[in-house]
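Results of the structural survey
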Amino acid sequence: GRKFFVGGNWKCNGTADQVDKIVKILNEGQVPSPDVVEVVVSPPYVFLPVVKSQLRPEFHVAAQNCWVKKGGAFTGEVSAEMLVNLGIPWVILGHSERRSLLGESSEFVGDKVAYALSQGLKVIACVGETLEQRESGSTMDVVSGQTKAIAERIKDWTNVVIAYEPVWAIGTGKVATPAQAQDVHAFLRDWLKTNVSPEVAESTRIIYGGSVTAANSKELAGQLDVDGFLVGGASLKPEFIDIISSAT
Ligand code: 13P
């Protein structure tokens, strides 16, 4: 079976004091055992070392991005090697905010995923359609195109989690219905089965992101192909503990 996965994407939020408070909440929360749920939180780069050192050992940390190749003269970037060097196991790549606001193409995201994996990082790779794309009926084309750009560049999917995050659901309070999420997750799993392999389709976690809260996580988690969540806003609040607990 696929182990339930809950990621907390803090995005560009937090002061040192707020980070202390969030870590305290995470460390004191009652959650299912790490055999049942894998928990990864993703603070901004500058807080990664302190969060990693203070966080309960069964929770792990992720960077929110990294550079597309070996480090060097790339002002403002952080390389995959640096994350590995600091013992940061995970990185989120291709988040829709980076695709839309920073202009990251699917090819560029695919290159990043391939390079990060080659350096030993585990990757949460994000895909998802805009409202306009959904309304024009191109959701499945968009998410398969984004996944294809990754599939063309990697062989081993062991260290990849796919996050389906419909852009219209991110930060809007407009969560996908369980049926909408399940439809796309099942489509992506089938796409992997046909285009990669049945084994990869069976073992790769496909998690949902977009306005996940403690109030809707249980029902979403009950869907056959929903293997967990990537949580934004609610990952900064005590309810993140309840979302983690929706694994059981
Ligand atoms: P919200 O949970 O705030 O909608 O954000 C989702 C997200 O983008 C996680 O990566």
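Residue numbers run consecutively from 1 along every chain, following the written order of its sequence. Predicted model: local features are reported for residues with pLDDT of at least 70 only, side-chain atom pairs are reported and counted for 80 or more only, and whole-chain, interface and lining totals are derived from all residues. Derived side-chain values reflect all non-hydrogen atoms in the structure, with water molecules and hydrogen atoms excluded from consideration.

Once that is clear, we can look at the overall build of the protein chain. When you go through the protein chain residue by residue, the secondary structure sums to eleven helices and eight strands. What you see for the protein chain is a C-alpha radius of gyration of 17 Å, in line with the 18 Å of a compact globule of 248 residues. Summary of the burial criterion: residues with accessible area below 20% of their type's maximum are buried, those above 50% are exposed, and those between are partly exposed, where the area comes from a 1.4 Å probe applied to protein chains only. Looking at the 248 residues of the protein chain, the share that counts as buried comes to 52%. Just so you have it, the protein chain exposes about 11100 Å², and 53% of that area is on carbon and sulfur atoms. Counting 23 positive and 28 negative side-chain charges, the protein chain places the centres of these two groups 4 Å from one another. Secondary structure elements are taken from DSSP: a helix is a run of H or I of four residues or more, a strand is a run of E of two residues or more, and numbering for both begins at the N terminus. Note on method: radius of gyration uses C-alpha positions; expected globular size equals 2.2 Å times residues raised to 0.38. Per-residue accessibility takes into account occlusion by the displayed protein chains alone, with areas from the Shrake-Rupley method and a 1.4 Å probe. His is not counted, nor are the chain ends, whereas Lys and Arg count as positive and Asp and Glu as negative. Here the site of a charge means NZ on Lys, CZ on Arg, CG on Asp, or CD on Glu.

This part takes up the sheet that holds strand E4 (residues 90-93). Taken in spatial order, the eight strands of this closed barrel run E1-E2-E3-E4-E5-E6-E7-E8, and their pairing is parallel. Averaged over all neighbouring strand pairs, the angle between strand axes comes to 25°, with direction disregarded. One requirement defines pairing of two strands: DSSP has to find at least two bridges between them. With two bridges joining them, strand E7 (residues 206-209) and strand E8 (residues 228-231) adopt parallel strand pairing. Paired with tyrosine 208 across the two strands is phenylalanine 229, which belongs to E8. When checking whether two residues touch, look at their non-hydrogen atoms; a contact exists if any pair is within 4.5 Å. Orientation is described by axes fitted as lines to C-alpha atoms, over the contacting stretch for helices, and by angles from 0 to 180 degrees between their N-to-C directions. Here helix H5 (residues 106-118) sits on the sheet in contact with E4, strand E5 (122-127) and strand E6 (160-164), set at roughly 170° to E4.

Points on a 1 Å grid over protein atoms alone make up a cavity when a 1.4 Å probe fits among them but cannot get out, and a pocket when they form an open set with protein on both sides within 12 Å along at least five of seven lines; lining residues each have an atom within 4 Å of a point. Grid points are joined across faces, edges and corners, and a volume is the space filled by probe spheres set on the points. Following the criterion strictly, the structure yields two cavities of 30 Å³ or more and no others. Lining the largest cavity are Ala125, Val127, Thr147, Ile150, Trp157, Val160 and Ile162. Its residues assigned to classes, the lining of the largest cavity shows six nonpolar, one polar and no charged. Space inside the second largest cavity adds up to approximately 30 Å³. Taken together, Ile22, Ile25, Leu26, Ser235, Leu236, Lys237 and Phe240 make up the lining of the second largest cavity. Top element by residues in the lining of the second largest cavity is helix H1 (residues 16-28). It accounts for three residues. Residues of the lining of the second largest cavity, tallied by class, amount to five nonpolar, one polar and one charged. Under the grouping applied here, Gly and all other residues not named as nonpolar or charged are polar, the nonpolar ones being Ala, Val, Leu, Ile, Met, Phe, Trp, Tyr, Cys and Pro and the charged ones Asp, Glu, Lys and Arg.

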